[in-house]
Amino acid sequence: MKKRALVTGITGQDGPYLAKLLLEKNYDVYGLLPRRSKQDFYNLNYLSIKKDVEYVVGDVTDYNCMHKVISKIKPHEVYNLAAQSFVGNSWELSSVTSDINAFGPLNILNAIKNVDEKIKFYQASTSELYGNSCEKIQNENTKFEPSSPYAIAKLYAYWMTVNFRKSYNMFCTNGILFNHESPIRGIEFVTRKISDGVAQIKCGKQKYLTLGNLDAKRDWGFAGDYVEAMWLMMQAEKPDDFVVATNTQFSIRDFLRLAFKEVNISNWEQYIKINKDFKRPVDVNSLCGNYNKAKNTLGWVPKTSFKELVQLMVREDLKRHEKQNI
Ligand code: F7E
């Protein structure tokens, strides 16, 4: 019998990559679509899977709806990727962020518990939980110190996931994913803003790239690699929490240098403007994950290097802008 998976956040970055992987593994994939005035299927089309996913209208912020959706589909696995995922907006949208990122997963967990406790649950947890942690390298035992409304809402969901696992013996797992990027990353995130901006500068469409804090350091991996870790977590013998990262760290400046190098521009600093509007009330300065537990337990390792990731993103944006110029 074919396995059924329900994926929330199907139109984001990770939803399409995960759906593609699950389809390749012969799952029936159901994508939850919140009702919006206009649905954006760009990312699903980019991976050529739009027609292969079955769509169900629904919203994680509504318990009754999630109960109905899960009763109808009876999925074997639920991947909760739905989120207000932009940290920078979460101060202004703290209630919305909490509704989606904290109470959304709670609604799903309760719905699973009431429909069938055997349904497996994946929660998209995040390295933002560590915030400005004192430890230089973070693993599953590092103390959390969330530094934004986004991270605080995600912390609630993290502990709810652990709590349902412990209280009801349900298969609930947290993937603590460090930053992961791709050519379909939202344009508001710094990596895509840079790859798109660099491509536009190269094509003469844009003069400058306006950014905020260039000193922040992140552990950046490729989203396509990370969805494999999500799936492996759901196939593990027992549910647990795993860091998914690359064990390497680079700054925004490093990203800029490599991105401009890809289009043969070496004096990149002259194309950068700093605007305090892109700075956050509190920024997370340094994140670097240790993925040894995922490697040893799940056999997962990242396949794409930082350099390859930057090249991939810049090349795809350049291709798109050059095509639009013709
Ligand atoms: O910022 C700095 C900014 O918005 C990275 C989400 O997927 O990963 C992501 O969260 C850094 C920050 O990602 C600009 O201040 C400078 O220090 O690309 P970002 P994020 O906040 O790390 C985690 C794991 C998640 O869970 C989140 O959902 O870059 N930065 N200048 C800027 N950031 C943005 N967005 N725009 C700038 O102009």
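Just so it is clear, the model here is predicted, and its values are computed rather than measured. Numbers given for residues are sequential positions, taken from 1 along each chain in its written order. Where local features are concerned, this predicted model is filtered to residues with pLDDT of at least 70; where side-chain atom pairs are given and counted, the filter is 80 or more; whole-chain, interface and lining totals use all residues. Hydrogens and water are ignored here; the side-chain numbers use all heavy atoms of the structure.

1. Side note on the site of the ligand
Next, step 1: Only heavy atoms are used to decide nearness, and a residue is near a molecule or strand if one of them lies within 4 Å of it. If you check the shell around the ligand, you find 24 residues, and the closest are Ser85, Thr126, Tyr150, Arg280 and Asp283.
Next, step 2: Three classes are used, and their members are as follows: Ala, Val, Leu, Ile, Met, Phe, Trp, Tyr, Cys and Pro are nonpolar, Asp, Glu, Lys and Arg are charged, and the others, Gly among them, are polar. Of the residues in the shell around the ligand, the class split is 11 nonpolar, 6 polar and 7 charged.

2. A short note on the packing of aromatic side chains
Next, step 1: Pairing of aromatic rings covers Phe, Tyr and Trp, the last through its six-membered ring, and needs centres within 6.5 Å; plane angles under 30 degrees mean stacked, over 60 mean edge-to-face, and all others mean tilted. All chains considered together, the criterion is met by 18 aromatic pairs.
Next, step 2: Centroid distance Phe164 to Tyr168: 5.2 Å. Interplanar angle 65 degrees. Geometry classified as edge-to-face. Remark: Tyr168 and Phe164 occur in helix H5 (residues 149-168); sequence separation between them is 4 residues, near one turn of the helix.
Next, step 3: Relative accessibility thresholds used throughout: buried, under 20% of the residue-type maximum; exposed, over 50%; partly exposed, between the two (1.4 Å probe, protein chains only). The class for Phe164 is buried, based on a relative accessible area of 4%.
Next, step 4: Ring centres of Phe250 and Phe306 lie 3.9 Å apart, and the angle between their planes is 5 degrees; this geometry places the pair in the stacked category. One end of the pair, Phe250, is in strand S12 (residues 250-251); the other, Phe306, is in helix H10 (residues 306-325), with 56 residues separating them in the sequence.
Next, step 5: The exposure class of Phe250 is partly exposed, given its relative accessible area of 26%. Strands here are runs of E lasting at least two residues and helices are runs of H or I lasting at least four, both read from the DSSP assignment and numbered beginning at the N terminus.

3. Notes on the nonpolar core
Next, step 1: Counting residues in each nonpolar core, the largest one holds 65 residues, and the members touching the most others are Leu18, Leu22, Tyr79, Tyr122, Ile194, Leu256 and Trp300.
Next, step 2: The element that contributes the greatest number of residues to this core is helix H7 (residues 223-235), accounting for 9 residues.
Next, step 3: Counting residues in hydrophobic clusters, the runner-up holds 23 residues, among them Leu6, Ile70, Leu109 and Cys172. For our purposes a nonpolar core is just a set of buried Ala, Val, Leu, Ile, Met, Phe, Trp, Tyr and Cys residues, chained together by side-chain atoms within 4.5 Å.

4. Details of the packing of helix H4 (residues 94-115) against H5
Next, step 1: Where H4 meets H5, the axes come as close as 8 Å, and the angle between the chain directions of the two elements is 10 degrees. Taken together, the axis directions place H4 and H5 in an arrangement best described as roughly parallel. Along this stretch, H4 crosses H5, giving a crossing that reads as right-handed. Taking contact as the criterion, the partners of Ser94, Thr97, Ser98, Asn101, Ala102, Phe103, Pro105, Leu106, Leu109, Asn110 and Lys113 in H4 are, on H5, Pro149, Tyr150, Ala153, Lys154, Tyr156, Ala157, Met160, Thr161, Phe164 and Tyr168.
Next, step 2: Looking at side-chain class alone, the contact of H4 with H5 contains 13 nonpolar, 6 polar and 2 charged residues. To get an axis, fit a line to the C-alpha atoms, keeping to the stretch in contact for a helix; angles then go from 0 to 180 degrees between the N-to-C directions. If an angle is under 35 degrees, it is roughly parallel; if it is over 145, roughly antiparallel; if it lies from 65 to 115, roughly perpendicular; otherwise it is oblique. Left-handed describes a crossing in which the near helix is turned anticlockwise from the far one by less than a right angle; the clockwise case is right-handed. Contacts are assigned to residue pairs that have any heavy atoms within 4.5 Å of one another.

5. Section: the pattern of salt bridges
Next, step 1: Basic side-chain nitrogens of Lys or Arg form a salt bridge, by our definition, when they fall within 4 Å of a carboxyl oxygen of Asp or Glu. Within the structure shown, the criterion is met by 17 salt bridges.
Next, step 2: Close ionic contact of Asp240 with Lys293 constitutes a salt bridge, the shortest N to O distance being 3.1 Å. Of this pair, Asp240 sits in the loop between H7 and strand S11 (241-244) while Lys293 sits in helix H9 (residues 292-298), and the two are 53 residues apart along the sequence.
Next, step 3: In this structure Lys293 comes out as partly exposed when scored by relative accessible area, which is 24%.

6. Quick notes on the environment of Gly289
Next, step 1: For Gly289, the position within the fold is in the loop between strand S13 (272-274) and H9.
Next, step 2: For Gly289, a relative accessible area of 0% gives the class buried.
Next, step 3: Along the chain, Gly289 and Asn107 lie 182 residues apart, while their C-alpha atoms are 29 Å from each other.
Next, step 4: For Gly289, the contacting residues outside a window of four places in its chain are Ile137, Gln138, Phe178, Asp219, Val243, Ala245, Thr246 and Asn247.

7. Here we look at the sheet that holds strand S1 (residues 4-8)
Next, step 1: Taken in spatial order, the 7 strands of this open sheet run S3-S2-S1-S4-S5-S6-S11, and their pairing is parallel. Sheet topology places strand S3 (54-57) and S11 at the edges, where each strand pairs with a single neighbour. The average angle at which neighbouring strand axes cross in this sheet is 20 degrees, direction not considered.
Next, step 2: Should DSSP find at least two bridges between two strands, the strands are taken to pair. Inspection of the sheet shows strand S6 (residues 172-177) paired to S11 by 4 bridges, in the parallel sense. Bridged to Ile176 within S11 is Val243.
Next, step 3: In this fold helix H1 (residues 14-24) packs onto S1, strand S2 (28-33) and strand S4 (77-80), with an angle of close to 175 degrees to the strand it touches most, S1.
Next, step 4: Sheet strands in contact with helix H3 (residues 63-73) are S1, S2 and S3, and its direction is about 155 degrees off that of S1.

8. What about the side chain of Ser182?
Next, step 1: Here Ser182 lies in the loop between strand S7 (180-181) and helix H6 (190-202).
Next, step 2: Given the relative accessible area of 0%, Ser182 is considered buried.
Next, step 3: Nitrogen and oxygen atoms within 3.5 Å of one another constitute a polar contact, given that in protein one can donate a hydrogen and the other can accept it, and given that sequence-neighbouring residues count only through two side-chain atoms. Within the structure, the side chain of Ser182 is placed 2.8 Å from the side chain of Gln13, a separation counted as a polar contact.
Next, step 4: Residues in contact with Ser182, not counting those within four places in the same chain, are Gln13, Tyr17, Arg192, Phe222, Ala223, Leu309 and Met313.

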